[in-house]
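Okay, here's what each chain looks like letter by letter:
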Amino acid sequence: MRKFVLAIDSFKGSLTSIEAEVAAREGILRVYPRAETLCIPIADGGEGMLDALSTLGGQEIHLRVQGPLNDQVEARYLITADGQTAYIEMASASGLTLVPENLRNPLQTTTRGTGELMRDALDRGCRRLVIGLGGSATNDGGMGMLSALGIRFLDRQGKELEGRGMDMTATVRIDTSLAHPALKTARCTAACDVRNPFDGPQGAAFIFAPQKGATPDDVQLLDQGLHHLAQLYRQTTGIDIATLPGAGAAGGLGGALAAFLHADLRPGISLLLEANGFQDKIKGADLIITGEGRADRQTLMGKVPAGVLNESRQTGIPVVLIAGQIADEEELHAAGFYHVCATTPKDMPLRVAMQKHTAQENIRQAMEQLLKNWNK
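The following paragraphs examine the structure supplied in this document. Note that the structure is a prediction, hence the values are computed from the model and not measured.

Procedures and definitions
- Residues numbered from 1 in each chain as written.
- Predicted model: local features only at pLDDT ≥ 70, side-chain atom pairs only at ≥ 80, totals over all residues.
- Heavy atoms only, no water.
- Pairing = 2+ DSSP bridges.
- Helix = DSSP H or I, 4+ residues; strand = E, 2+ residues; numbered from the N terminus.
- Axes fitted to C-alpha atoms, helices over the stretch in contact; angles between N-to-C directions.
- Contact = heavy atoms within 4.5 Å.
- Disulfide = S-S within 2.5 Å.
- Buried < 20%, exposed > 50% of the residue type's maximum accessible area, 1.4 Å probe, protein only.
- Salt bridge = Lys/Arg side-chain N within 4 Å of Asp/Glu carboxyl O.
- Parallel < 35°, antiparallel > 145°, perpendicular 65-115°, else oblique.
- Left-handed = near helix turned anticlockwise from the far one by under 90°.
- Nonpolar A, V, L, I, M, F, W, Y, C, P; charged D, E, K, R; others polar.

## Details of the sheet that holds strand β11 (residues 287-295)
Backbone-to-backbone hydrogen bonds join strands into a sheet, with any given pair of strands oriented parallel or antiparallel. Taken in spatial order, the five strands line up as β2-β1-β11-β12-β13 in an open sheet, and their pairing is parallel. Looking at the sheet topology across the chains shown, the edges are occupied by β2 (36-39) and β13 (339-342). Strand after strand, the sheet turns through a mean of 25 degrees between neighbouring axes, direction not considered. With five bridges connecting them, strand β1 (residues 3-8) and β11 associate as parallel partners. Residue F4 lies in a different strand from β11, and its bridge partner there is L287. Lying over the sheet, helix α1 (residues 17-31) contacts β1, β2 and β11, oriented at roughly 155 degrees with respect to β1.

Structure (structure tokens):
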């Protein structure tokens, strides 16, 4: 009996990861009706990470926390069945989608709500935190998150600062005496799909803050704050995160986690595949099918299909890449994909191909044709 494993990212604007995988599975069964098919929901560490981990079971915790602004938001996180690991999606508490477009300003936003989720998990006995860093509204260098965990940021007058982006330059001292005691023993891993440093031309402010509502003047101020904060973090913890790859993720939250929680910054897809037992599930598989809405050379820069390919290299199992549109096909083949397949017919208008039912049927037909040719 044939065995196929599906680990397909969402086709943005058309299909969720699960919907794309179900369509691919239906195409497979048209050719191999008795085949074993395993679907692994996929996300890259940003929004959707918790949904992709729903197959793990465990307990979903809902909590009112401070949103990116001063309002309260309903956030959630997942505790595994053994009660030891908490999976936290920072976008749930501090995400850009929680801020109306006309109010987006990373000088004013905070990661405090993410810290409140972390504190709740530690209070419940979790000693491993896995935090997805995608989709943030923030550029506070992790101050808000650390404040929620009892770490105090003080200005020249000794007044405690709130932990917004604008507070970075005003900080002159960091007091860790009231830090949550579990921080000394907790292990932290951050799902981090960018490699940007904390500050500087390629840092959090210059590269990402404009997408969160920052003006050019705001970007300059935020970068100065990050540079200043990196020095204070080094003085406080002995850890230099200024040039650490990934420290600039989520407006510097990656760097704060590395400095104060000794977090390991890892690609989100790698973490998710590990959590879902990918290596065990692919044993004995004939093919692994991965994909995304559009595949090109950027796919190889840490996106989901590249992560699936990297996790599969040592097995010798062929990895097929499907996508609505394909470019740079030679580079994708050279990277190691066994076969690269565009699901959208060349003469089909994009607006038609993006329709949900059409995208699903295109995947079914592409998988059916691919496997018929593979079987020859």
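## Overview of the state of the cysteines
Two cysteines form a disulfide when their sulfur atoms are joined by a covalent bond. Under the counting rule described, the total for this entry stands at zero disulfides. Counting only cysteine sulfurs, C188 is the nearest neighbor of C192, a cysteine outside any disulfide, at a range of 11 Å. Classification of C192 as buried rests on a relative accessible area of 2%.

## A short note on the pairing of strand β3 (residues 59-66)
Examined bridge by bridge, β3 and strand β4 (residues 72-79) share eight bridges and lie antiparallel to one another. Each bridged residue has a counterpart across the sheet, and for Q59 the counterpart in β4 is I79. What sits between β3 and β4 in their antiparallel hairpin is a turn of five residues.

## Things to note about the sheet that holds β3
Sheet architecture is open: six strands sit in the order β3-β4-β5-β6-β9-β10, paired in mixed fashion. Single-partner strands in this sheet number two, and they are β3 and β10 (264-266). Mean inter-strand twist for the sheet, computed between neighbouring axes without regard to direction, equals 25 degrees. Both strand β6 (residues 128-132) and strand β9 (residues 187-191) contribute to a ladder of five bridges, which runs parallel. Directly across from V130, in β9, lies its bridge partner T189. Seen against the sheet, helix α8 (residues 249-261) touches β6, β9 and β10 and runs at an angle of roughly 165 degrees to β9.

## A closer look at the pairing of β1
When you tally the buried positions in β1, you get six out of six residues, the bulk of the element. Where burial is concerned, the two faces of β1 agree: the one with K3, V5 and A7 and the one with F4, L6 and I8 are both buried. As judged from the four bridges shared by β1 and β2, these two strands associate in the parallel manner. Bridge assignment links F4 to a residue of β2, and that residue is T37.

## Thoughts on the pattern of salt bridges
Taken as a whole and assessed by the stated rule, the structure comprises 20 salt bridges. Between R297 and E331 there is a salt bridge, with its nearest N and O atoms 3.0 Å apart. Pair noted here: R297 is in the loop between β11 and α11 (304-312) and E331 is in helix α12 (residues 329-335), with a separation of 34 residues, a long-range link. A relative accessible area of 42% means that R297 is categorised as partly exposed.

## Let's talk about the packing of α1 against helix α14 (residues 356-374)
Between α1 and α14, the least distance of the axes is 7 Å, while the angle of their chain directions is 40 degrees. Overall, the two elements α1 and α14 adopt an arrangement that is oblique. For α1 against α14, the interelement crossing comes out right-handed. Only K356, Q360, E361, I363, R364, Q365, M367, E368, L371 and K372 of α14 make contact with α1, whose side of the interface consists of E19, A20, A23, A24, E26, G27, I28, R30 and V31. Taken together, the residues of the contact of α1 with α14 sort by class into eight nonpolar, three polar and eight charged.

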